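Each chain is listed here by its residues.
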Amino acid sequence: MAGILYIVVPCYNEEDVLPETARRLREKLEALTAAGRIDAGSRVLLVNDGSRDKTWSLIEGLHRESPLFSGVNLTRNRGHQNALLAGLMTAKDRCDMAISMDADLQDDIGAVDNMLDQYEAGCDIVYGVRSSRKKDTFFKRFTAEGFYRLMNFMGAETVFNHADYRLMSRRALEGLAQFEEVNLFLRGIVPMIGYPCGTVEYERGERFAGESKYPLKKMLSFALEGLTSLSVKPIRYIAMLGFLVFLVSLVMLIYFIVRWAVGATVQGWASVICSVWAIGGLILLSLGVIGEYIGKIYLETKGRPRFLIREVLEDRHGEAD
Ligand code: UDP
Ligand code: MG
């Protein structure tokens, strides 16, 4: 039997692109329903992440026009990952499988069919993997691929060139619901869920309209977030570095004792100043890295809600009005 599919789309100031995205998603759902691949109760779930433009009124309009569109309005801007989680957790109790994608049409909607094929073949999680980064600027490609390499080097398991375009079955979503961390890095958590998984390659296009909501500063903090929430290796490296520095100081000590014994004067304040600065710098850096983790512990112990929902708009299939 065909299952209920929810397509979850986080939207932050997406008034320029939303009408087109909605049109294409609607076409897709209608085609899949007509082909008998998904249940007529399938929906596009648009999550408004505290936009300051007309995004929410557009979503309300879409919902009025067609029951295919549901909406979730968050109380304020919580960032892409939290908005996506809010959508997935709303979809969890309503669907058999959910696909998350960006609002800007960079994720090729055509890949949905392949994702469904894999789902039908028994996969609980299907990762959308971009086949090339030809359309990215050199800078974006360089930083993004460097990021995946660094993550793997640091021992954090991520799927190479996979962002947040993926299908998850209901039981995978239920698994995700049990990860309660507030420092959310979904593409690192999802592989931890387990279950059979597959990948689908797709060509990632350019943003259809509007501008990126991920400037360099946000990208860097997202990368740091990912790294520190998936791996404790940085702390381990600090310990190793400390040990190494200690060894160096021992060698220096022996060297100076020998020189003293043979009567050569130990001279030069330069070496002293250099080591003071070097050690001082290393200590500060190390404190910073450790502080980063302590900050995370602080946020986790508070256990604040990751998102708050102001309003849900929906018209569930088969429900009386
Ligand atoms: N987004 C969001 N909240 C934010 C920032 C972004 O929900 O605070 C959404 C945005 O609307 C889009 C997706 O996250 O659907 C990806 O953002 P964007 O396309 O700007 O990122 P990029 O593709 O440039 O990395
Ligand atoms: Mg984008």
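Procedures and definitions
Residues numbered from 1 in each chain as written. Chains lettered and ligands numbered in written order. Predicted model: local features only at pLDDT ≥ 70, side-chain atom pairs only at ≥ 80, totals over all residues. Heavy atoms only, no water. Helix = DSSP H or I, 4+ residues; strand = E, 2+ residues; numbered from the N terminus. Rg over C-alpha atoms; globule rule 2.2 N^0.38 Å. Buried < 20%, exposed > 50% of the residue type's maximum accessible area, 1.4 Å probe, protein only. Contact = heavy atoms within 4.5 Å. Areas by Shrake-Rupley, 256 points an atom, 1.4 Å probe, with all protein chains shown as cover. Lys, Arg positive; Asp, Glu negative; His and termini not counted. Charge placed at Lys NZ, Arg CZ, Asp CG, Glu CD. Patch = residues over 30% accessible without salt bridge, like charges linked within 9 Å, V, L, I, M, F, W, Y side chains within 5 Å. Salt bridge = Lys/Arg side-chain N within 4 Å of Asp/Glu carboxyl O. Near = heavy atom within 4 Å. Polar contact = N/O pair within 3.5 Å; in protein donor to acceptor, adjacent residues only side chain to side chain. Nonpolar A, V, L, I, M, F, W, Y, C, P; charged D, E, K, R; others polar. Phe/Tyr/Trp six-rings, centres within 6.5 Å; stacked < 30°, edge-to-face > 60°. Pairing = 2+ DSSP bridges. Axes fitted to C-alpha atoms, helices over the stretch in contact; angles between N-to-C directions.

Trainee: Any chance you could explain the overall build of the protein chain here in plain terms?
Mentor: The secondary structure content of the protein chain amounts to ten helices and eight strands. Taken over the C-alpha trace, the protein chain has a radius of gyration of 25 Å; the compact-globule value for 321 residues is 20 Å, which it surpasses by more than 25%. Over its C-alpha atoms, taken along the principal directions, the protein chain stretches across nearly 95 × 40 × 40 Å. Burial status across the protein chain gives 44% buried among its 321 residues. Looking at the protein chain alone, contacts between residues at least 24 apart form 84% of all its contacts between residues at least 6 apart. In the structure as shown, the protein chain presents an accessible area of about 17,000 Å², 61% of it carried by carbon and sulfur atoms. Averaging the locations of the 38 positively and 40 negatively charged side chains of the protein chain gives two centres separated by 7 Å.

Trainee: What am I meant to see in a nonpolar patch on the surface here?
Mentor: Together, Phe243, Phe246, Leu247, Leu250, Leu253, Ile257 and Trp260 make up an exposed nonpolar region whose accessible area comes to about 770 Å². Counting through the fold element by element, Leu247 comes out in helix α9 (residues 233–261). The exposure class assigned to Leu247 is partly exposed, which follows from its relative accessible area of 37%.

Trainee: Looking at this structure, I do not really get the site of ligand 1. What am I missing?
Mentor: In the vicinity of ligand 1 lie 20 residues, with Glu14, Asp49, Asp104, Ser212 and Lys213 positioned nearest. The separation between an oxygen atom of ligand 1 and a polar side-chain atom of Asn77 is 3.2 Å. Contact between ligand 1 and Arg207: an oxygen atom at 2.9 Å from a side-chain N or O atom of the residue. Across the complex, the protein chains shield 93% of the 530 Å² of accessible surface that ligand 1 would expose by itself. Of all the elements in the fold, those that place two or more residues in the shell around ligand 1 are β1 (5–11) and α3 (80–92). Along the lines of polarity and charge, the residues of the shell around ligand 1 split into six nonpolar, five polar and nine charged.

Trainee: Quick question: what am I supposed to make of the packing of aromatic side chains here?
Mentor: The geometry of two aromatic rings is summed up by the distance between their centres and the angle between their planes. In this structure the tally under the stated criterion is eight aromatic pairs. An aromatic cluster is built from Phe147, Tyr148, Phe160, Phe185 and Phe222, whose rings are joined through pairwise contacts.

Trainee: Which parts of the structure should I look at to understand the pairing of strand β4 (residues 97–100)?
Mentor: One face of the sheet, then the other: side chains in a regular strand alternate in exactly this way. Side chains of β4 alternate between two faces, with Met97 and Ile99 and Ala98 and Ser100 buried alike. Looking at chain direction, β1 and β4 are connected through four bridges and run parallel. Bridge pairing in β4 places Leu5 opposite Met97.

Trainee: What should I look at first to understand the sheet that holds strand β3 (residues 69–74) in this one?
Mentor: Through backbone hydrogen bonds, the strands of a sheet pair up, either in parallel or in antiparallel fashion. Spatial strand order, β7-β5-β6-β4-β1-β2-β3-β8: eight strands in an open sheet with mixed pairing. The strands lining the two open edges of the sheet, one partner per strand, are β7 (197–202) and β8 (309–313). If you compare each strand with its neighbour and ignore which way they point, the axes differ by 20° on average. Taken strand by strand, helix α2 (residues 55–65) contacts β1, β2 (43–48), β3 and β8, and its axis lies near 150° from that of β3. Where helix α4 (residues 111–120) meets the sheet, it contacts β4, β5 (125–130), β6 (162–169) and β7, and its direction lies at approximately 45° from that of β6.

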